[in-house]
Amino acid sequence: MTELQSLLRTLGITANLRGFRYLKRATELAIEDPDCLLNIGKLIYNTVAQEFETTPKCVERNIRTAIDSCWLHGNRKLLCQIAGYELQEKPTNSQFIDIISAYLISIQSPTV
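Residues numbered from 1 in each chain as written. Predicted model: local features only at pLDDT ≥ 70, side-chain atom pairs only at ≥ 80, totals over all residues. Heavy atoms only, no water.

Caption draft 1: Spotlight on the overall build of the protein chain. Looking only at helices and strands, the protein chain has 6 helices and 0 strands in total. Element order for the protein chain, N to C, with α for helix and β for strand: α-α-α-α-α-α. In terms of C-alpha radius of gyration, the protein chain reaches 13 Å, essentially the compact-globule figure of 13 Å for 112 residues. Taking the principal axes of its C-alpha atoms as reference, the protein chain extends roughly 35 × 35 × 30 Å. By residue count, 41% of the 112 residues in the protein chain fall in the buried class. Taking as baseline every contact in the protein chain between residues at least 6 positions apart, the subset at least 24 positions apart corresponds to 57%. (Helix = DSSP H or I, 4+ residues; strand = E, 2+ residues; numbered from the N terminus. Rg over C-alpha atoms; globule rule 2.2 N^0.38 Å. Buried < 20%, exposed > 50% of the residue type's maximum accessible area, 1.4 Å probe, protein only. Contact = heavy atoms within 4.5 Å.)

Right, here's the structure in full:
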């Protein structure tokens, strides 16, 4: 199991949700190129949709459902720790992907 998969599961997002796989891939894309978060609809949803043979709208909705699961039933305290601040409301898809990808980049990169 990868570090990303483990983190998503620890946050309360389980693999039985379609959004788990979409969120995993979307986060991988954001790690590869953080600028893709500037146009998440075209650069991330379209890519993930093509890879999983579905529509961008389906990708967006299933990622949102996975984030809802984390927010309502998961480890919100850990999510706030990862974000570095207290989240007052559920993060958007792009905010969530940014939080997770930035965290994974920070723990993988040696500090200068």
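Caption draft 2: Representation of the packing of helix α1 (residues 3–10) against helix α6 (residues 93–108) within the structure. Where α1 meets α6, the closest approach of the two axes is 11 Å, and the angle between their N-to-C directions is 130 degrees. As judged from the angle between their axes, α1 and α6 are oblique. For α1 against α6, the interelement crossing comes out right-handed. Here Glu 3, Leu 4, Leu 7 and Leu 8 of α1 lie close against α6, whose contacting residues are Phe 96, Ile 100, Tyr 103, Leu 104, Ile 107 and Gln 108. Here the contact of α1 with α6 is composed, by residue class, of 8 nonpolar, 1 polar and 1 charged. (Axes fitted to C-alpha atoms, helices over the stretch in contact; angles between N-to-C directions. Parallel < 35°, antiparallel > 145°, perpendicular 65-115°, else oblique. Left-handed = near helix turned anticlockwise from the far one by under 90°. Nonpolar A, V, L, I, M, F, W, Y, C, P; charged D, E, K, R; others polar.)

Caption draft 3: Spotlight on the side chain of Gln 5. When you line up the elements, Gln 5 lands in helix α1. At 3.0 Å, the side chain of Gln 5 forms a polar contact with the backbone nitrogen of Thr 2. (Polar contact = N/O pair within 3.5 Å; in protein donor to acceptor, adjacent residues only side chain to side chain.)

Caption draft 4: Here's a closer look at a positive patch on the surface. A grouping of Arg 18, Arg 21, Lys 57 and Arg 61 is seen on the molecular surface, where their side chains present a positively charged patch. When you line up the elements, Arg 21 lands in helix α2 (residues 18–32). Note on Arg 21: relative accessible area 40%, which makes it partly exposed. (Patch = residues over 30% accessible without salt bridge, like charges linked within 9 Å, V, L, I, M, F, W, Y side chains within 5 Å. Areas by Shrake-Rupley, 256 points an atom, 1.4 Å probe, with all protein chains shown as cover. Salt bridge = Lys/Arg side-chain N within 4 Å of Asp/Glu carboxyl O. Lys, Arg positive; Asp, Glu negative; His and termini not counted. Charge placed at Lys NZ, Arg CZ, Asp CG, Glu CD.)

Caption draft 5: Structural detail: the packing of α1 against α2. The N-to-C vectors of α1 and α2 enclose an angle of 130 degrees; their axes lie 11 Å apart at closest approach. Judged by the inter-axis angle, α1 sits oblique to α2. Considering how the two elements wind past one another, α1 and α2 form a crossing that is right-handed. Residue-level inspection shows Leu 4, Gln 5, Leu 8 and Arg 9 of α1 in contact with α2, the latter providing Phe 20, Leu 23, Lys 24, Thr 27 and Glu 28. Classifying every residue of the contact of α1 with α2 gives 4 nonpolar, 2 polar and 3 charged.

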